[in-house]
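Secondary and tertiary structure notes
Listed below are the residues making up each chain.
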Amino acid sequence: MGVGSGGEAAAVSAPAEEAAGKDGEEGSRWTMKEKLIAATVLVWVLGSATFGVVVHRNIRHAALQKMEEGLVSMCEERARMLQDQFAVSVNHVHALAILVATFRYEKHPPALDQDTFAEYTARTSFERPLLSGVAYAQRVEHADREGFERQQGWIIKTMKHEPSPVQDEYAPVVYSQETVSYIEGLDMMSGEEDRENILRSRASGKAVLTRPFRLMSNHLGVVLTFPVYHVDLPPDAKEEERVAATAGYLGGSFDVESLVENLLRQLAGNQELVVNVYDVTNSSDPLVMYGSEVPLGIPSPSHICMLDFGDPFRKHHMVCRYRNKPHLPWSAISTPSGVFVIGMLVGYIIFAAWSRYDNVKEDCRKMEELKKQAEAADVAKSQFLATVSHEIRTPMNGVLGMLDMLLDTDLVSTQRDFAQTAQVCGKALISLINEVLDRAKIEAGKLDLESVPFDLRSILDDVIALFSSKSREKGIELAVYVSERVPEILLGDPGRFRQIITNLVGNSIKFTERGHIFVQVHLADHSNLATESEVEPVANGMNGHKDEKTAVATSVSLNTLSGFEAADSRNSWETFKLLLSCEKNEMPYESVSDKVTLVVSVEDTGIGIPLDAQAKVFSPFMQADSSTSRTYGGTGIGLSISKCLVELMGGQINFVSRPQVGSTFTFTAVLQRCDRSAIGDSKPVMLHPLPSSFKGLSALLVDRRPVRATVTKYHLQRLGIACDVVATIELALGVLSGRNGSSLTSMKQTCMLLIENDSWGFKIDVSLRSRLLEMKQNGHTHVLPKIILLAAAESGKLKAQYAVDSVITKPLKASALAACLFQTLGITQSSNERRDNSGSLHGLLLGKNILVVDDNKVNLRVAAGTLKKFGAKVECVESGKDALALLQVPYKFHLCLMDIQMPEMDGFEATRQIRAMEAKANEQAVVCDDSERDGATRAAKWHLPVLAMTADVIQATHEECTKYGMDGYVTKPFEEKQLFQALKKFLDPGMSS
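In the nomenclature of an unreviewed UniProt entry, the chain corresponds to histidine kinase from the organism Miscanthus lutarioriparius.

If you want it as structure tokens, here you go:
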């Protein structure tokens, strides 16, 4: 028990551990990514900070270097000026020494005494402002001491004012300036340092300086000593000669502090600097000459300048420094800070860009996955639609086919009614399926338009014929008008164009109970020219009214097709007249471009569209309100499909609708011109040529509505019948009789008189007949015109009710009008016209051998029954392999109808193998034939027409069939017109089988 539990626990824990390990692995990977990001951010921050510090140090170093350069400059300037001023004072002392030598020793008797010296030095003291006083000491040897003392009247004393002791020689002061008179008689050689200076002075012949000492003014100063010679000596005199020629010594005391102070006061920036002057003769014990007692190792920055006062023995320095500590410039702080901030911003931008790149990359990856999923879903949707289409249409083909075959049998009236009702319901279901699949193809982008020649007027006639019975039941006018400028043959997709017109006219028929439905086709240039001055401001871009009150229909008869008011006032009779005048007055429409832009409008006088529902008219599966679909039926998908088809044709669709007045839908379509000469086998086209037997005939039309008269005239002119229009029968009789100059001079004799039903009065037929007979008897007319009534009721009843030759039932259609006129006028059709009209499916299929390939037995029975009904010989097989077994060269079949979706081998593969077999047979025929021409003939001989027969309306396109070698396709269930169009190219008797 325990073992089992442990095994189960282990089994349960293993996936959990694996999942936990996987989560931990993902977590560790994510943690490593976070660590890498954090390390990168940290390195970036440290790098930015380091760079900022480097910038700070560089700016600080540059600022200090600039300060030092300024300090050096100022210090050098002060040292130079101090030396210059000291030199000037030394020169004055030197000049005074020369004066003493000249007037004391060169003049006999001497011309200089104490009074003269004192007075002279006092009066010239301004030249020596830095000297506190000057004195002259005479050289006295010991032998001459007594005589000198007797001569002077005082004894020689020492500096301490004591009698000078015996020594070799003395230097007593004999002349002195008044300021230093207290040193008179003192022996300058009594002091050790003074003695040394005197000896150096007389030996060198230059000025010498003492060490600094305190003067009487308590300032630091030095004594300057100059030798005085009693004879002139050459500059290169020897020391012995100088000593022998020495007569005395002239000295002066210098006030160094005053000298420096005066100098600094004269210079700018004195307050910024601290200047010290030192005597550094003894470098180990420098003596301060000026400044505070500050050692030489002063704070940086400082600068030392050498001073030369003329004494080579004494050495002096000037030391300069800033008084205050230099301040760092603001840029040394702001610039590094800015650099750091910029570095952070750049880092953030890079990080954000990289993060954005990662996000975009991840989004792209997700989008790529979503794209693949969407493409796969699209493919699946297309396959689903193809399958659904095939699976739905295949049984419907059997239902409709069997009903069609049932209707060909002998049935009682009740049975026939039941079968016809079932057939109508089946066709309605097929129509609904087609609409839904069309919408699905549009959404999937799989709907492609054909480009084949077609007759626009014939298509419109077919659409009118489709709804003719319904319009007659409701008693509404249904008419179509195509401008003369619209080309006869156009290049485009006739099926889709017919689908748009059918949807619009079908909606109008559904929602219109009185009035009319009018289809117009014009060229865009002429339509714009005629309506540009008629455009009214609209409330919301779709409606032609300003408020709900204007939406009430009036009872006044208007100039419209039926006399009822239309929603779009731009389609009035005035605009219609402008269009007609453009057609008559303008030159034939010519354009450099092959493109033709059509403007098609479908106007009705139905219930209109409510204002609140107009915004969703083109939305799929949407109707005006919930009651509409119950009252009128429909799915609400027709307009949505029409809008998409119009846009595929390069046009636009819009509408103007007024509740209880009607709606007018207008769309444009861009098609291409196509000449009849350009129509070939590669461009199959269904043309319905009209008979030419009526050309040259003339008719007179009685119609009080100008728009309706223009439509009737349009159909007559298509048959080649010239027509004139009058409003009443009285006017018509006047025209026929030629009264008041009224006659149809431009036409031949009028052979028919067409009268609208609402212009026919009570018992008008009797009076009209009598008037016409009277006109014939009077010679006003040679042949009585045929009286033809135009009415929407059944022709048989009206013809029996009124004494008329014929009744043409509306809506008008050129072929039906021609058939009626042939019968009424007794005109025989030409052989060419009979041949053109005799083209039918029975004529094509009679006696032809056709192979039908389909895996569905019901479809085989339906196809075989349909083809046999028209005279064909049919053989059926249920697979592509069986078809290949029968289709061996030479062929015994004229045509093969091949289903596409079959088991084992589908229709595409079977067709591919058929074409490969034909190519091989044709190559062998070419090799066996010596004639190149005959070989070419044989190479083109073996080609069996293969048409795809499928219920798949999604994939069974012309391009897809052509890709696999098929010659075309027909969709199930079969329709006689579609089958005739598909088979005519291959089974026409004029073409080779």
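**Here we look at the packing of helix α11 (residues 494–511) against helix α15 (residues 638–648)**
Direction vectors running N to C along α11 and α15 enclose 145°, while the axes themselves pass 9 Å from each other. For α11 against α15, the interelement crossing comes out left-handed. Between α11 and α15, the contacting residues are R496, Q499, I500, N503, L504 and N507 on the first element and G638, L639, I641, S642, L645 and V646 on the second.

**Thoughts on helix α6 (residues 256–266)**
Of the positions making up α6, those classed as buried are V256, E257, L259, V260, L263 and L264. Burial along α6 is one-sided: seen end-on, the buried residues are contained in an arc of 160°. Counted as exposed and oriented over 90 degrees from the buried face of α6: R265 and Q266.

**Let's talk about the packing of helix α9 (residues 456–466) against α11**
Contact pair α9 / α11: the axes reach a minimum separation of 10 Å and the direction vectors enclose 40°. The angle between α9 and α11 places the two elements in the oblique class. By crossing handedness, the relation of α9 to α11 is classed as right-handed. Facing L456, I459, L460, D462, V463 and L466 of α9, the residues of α11 in contact are P494, F497, R498, I501, T502 and V505. Partitioning the contact of α9 with α11 into residue classes produces nine nonpolar, one polar and two charged.

**Some details on the state of the cysteines**
In the structure shown here, the tally under the stated rule is one disulfide. The residue that forms a disulfide with C75 is C320, at a sulfur-sulfur distance of 2.3 Å. Judged by the torsion about the S-S bond (75°), the C75/C320 disulfide is right-handed. In this pair, C75 is assigned in helix α1 (residues 2–105) and C320 in strand β12 (residues 316–322), connecting sequence segments 245 residues apart. For C320, a relative accessible area of 0% puts it in the buried group. This cysteine, C305, is not joined by any disulfide, and C75 carries the nearest cysteine sulfur, 3.4 Å off.

**Overview of the side chain of S176**
Mapped onto the secondary structure, S176 falls in strand β4 (residues 173–176). Residue class for S176 comes out buried when judged on its relative accessible area of 0%. Those residues in contact with S176, other than ones at most four positions away along the chain, are Q114, F117, A118, V134, A135, S181 and E184.

**Observations regarding unusual backbone geometry**
Following K810, the chain continues into P811 via a peptide bond in cis, with omega recorded as 0°. Take P811: it is sitting in the loop between β24 (806–809) and α20 (814–825). For the peptide bond that leads from V889 to P890, omega is 0°, which places it in the cis range. Secondary-structure assignment places P890 in the loop between α24 (880–886) and β27 (895–898). Despite not being glycine, H161 shows a phi value in the positive range, around 65°. Along the polypeptide, H161 turns up in the loop between α3 (145–152) and β3 (169–170).

**A look at the confidence of the model for the chain**
Averaged over every residue, the pLDDT of the chain is 79; residues scoring 70 or more account for 81%. Counted against residues more than four places away or in other chains, residues 532–556, with its pLDDT under 50, gives 39 contacts. Segment residues 740–747: pLDDT under 50, and 12 contacts once partners within four positions in sequence are set aside and those in other chains are kept.

**A closer look at the pattern of salt bridges**
For the structure shown, the criterion picks out 29 salt bridges. Between R214 and E257 there is a salt bridge, with its nearest N and O atoms 3.8 Å apart. Of this pair, R214 sits in strand β6 (residues 213–214) while E257 sits in helix α6, placing them 43 residues apart in sequence. For E257, a relative accessible area of 19% corresponds to the buried category. One salt bridge connects K869 with D408, and the closest N-O pair in it is separated by 3.4 Å. Of the two residues, K869 sits in helix α23 (residues 857–869) while D408 sits in the loop between α7 (331–407) and α8 (413–444), which places them 461 residues apart along the sequence.

**Looking at α11**
Given a rise of 1.5 Å per residue, 18 residues ought to cover 26 Å, and the 26 Å separating the end C-alpha atoms of α11 matches this to within 8%. Most of α11 sits inside the fold, with 13 of its 18 residues counted as buried. The N-cap of α11, judged by a side-chain oxygen 3.2 Å from the amide nitrogen of G495 a few residues on, is D493.

**Quick look at a nonpolar patch on the surface**
Together, W44, I342, V346 and I350 make up a nonpolar patch on the protein surface, roughly 360 Å² of accessible area in all. A per-element tally of the nonpolar patch places α7 first, with three residues. Within the fold, W44 resides in helix α1.

**As for the sheet that holds strand β21 (residues 722–726)**
Spatially, the five strands line up as an open sheet ordered β21-β20-β22-β23-β24, and their pairing is parallel. At either margin of the open sheet sits one strand with a lone partner, and together these are β21 and β24. Strand-to-strand twist across the sheet, computed as the mean angle between neighbouring axes with direction ignored, equals 25°. In this sheet, β21 lies alongside strand β20 (residues 698–702) in parallel orientation, the contact comprising five bridges. Residue pairing across strands places L700 opposite D724, the latter belonging to β21.

**Here's the deal with empty space enclosed by the protein**
Rolled over the atoms, a probe sized like a water molecule indicates the empty space that remains. Evaluation of the coordinates by the stated rule reveals one cavity of 30 Å³ or more. For the largest cavity, the calculated volume is near 70 Å³. Lining of the largest cavity is provided by E477, L478, A479, V480, L561, R708, V711, T712, H715, K810, P811 and L812. Mapped onto the lining of the largest cavity, the elements with two or more residues apiece are β14 (477–482) and α16 (706–718). When its residues are assigned to classes, the lining of the largest cavity shows seven nonpolar, two polar and three charged.

**Remarks on the sheet that holds strand β9 (residues 273–279)**
Across the sheet, which stays open at both edges, the four strands sit in the order β10-β9-β12-β11 with antiparallel pairing between neighbours. Both edges of this open sheet fall to β10 (287–290) and β11 (302–307), since each of them pairs with a single strand only. When the angles between neighbouring strand axes are averaged without regard to direction, this sheet yields 30°. Judged from the seven bridges that link them, β9 and β12 form a sheet pairing that is antiparallel. When the bridges of β12 are listed, D279 appears paired with H316. Sitting on the sheet, α6 is in contact with β9 and β10, with an inclination near 50° to β10.

Definitions and limits used
- Residues numbered from 1 in each chain as written.
- Predicted model: local features only at pLDDT ≥ 70, side-chain atom pairs only at ≥ 80, totals over all residues.
- Heavy atoms only, no water.
- Axes fitted to C-alpha atoms, helices over the stretch in contact; angles between N-to-C directions.
- Helix = DSSP H or I, 4+ residues; strand = E, 2+ residues; numbered from the N terminus.
- Left-handed = near helix turned anticlockwise from the far one by under 90°.
- Contact = heavy atoms within 4.5 Å.
- Buried < 20%, exposed > 50% of the residue type's maximum accessible area, 1.4 Å probe, protein only.
- Arc of directions from axis to C-beta.
- Parallel < 35°, antiparallel > 145°, perpendicular 65-115°, else oblique.
- Nonpolar A, V, L, I, M, F, W, Y, C, P; charged D, E, K, R; others polar.
- Disulfide = S-S within 2.5 Å.
- pLDDT = per-residue confidence, 0-100.
- Salt bridge = Lys/Arg side-chain N within 4 Å of Asp/Glu carboxyl O.
- Expected span 1.5 Å × (residues − 1).
- Polar contact = N/O pair within 3.5 Å; in protein donor to acceptor, adjacent residues only side chain to side chain.
- Patch = residues over 30% accessible without salt bridge, like charges linked within 9 Å, V, L, I, M, F, W, Y side chains within 5 Å.
- Areas by Shrake-Rupley, 256 points an atom, 1.4 Å probe, with all protein chains shown as cover.
- Pairing = 2+ DSSP bridges.
- 1 Å grid on protein atoms, 1.4 Å probe; cavity = no way out; pocket = protein on both sides within 12 Å on 5 of 7 lines; lining within 4 Å.
- Points joined across faces, edges and corners; volume = space filled by probe spheres on them.

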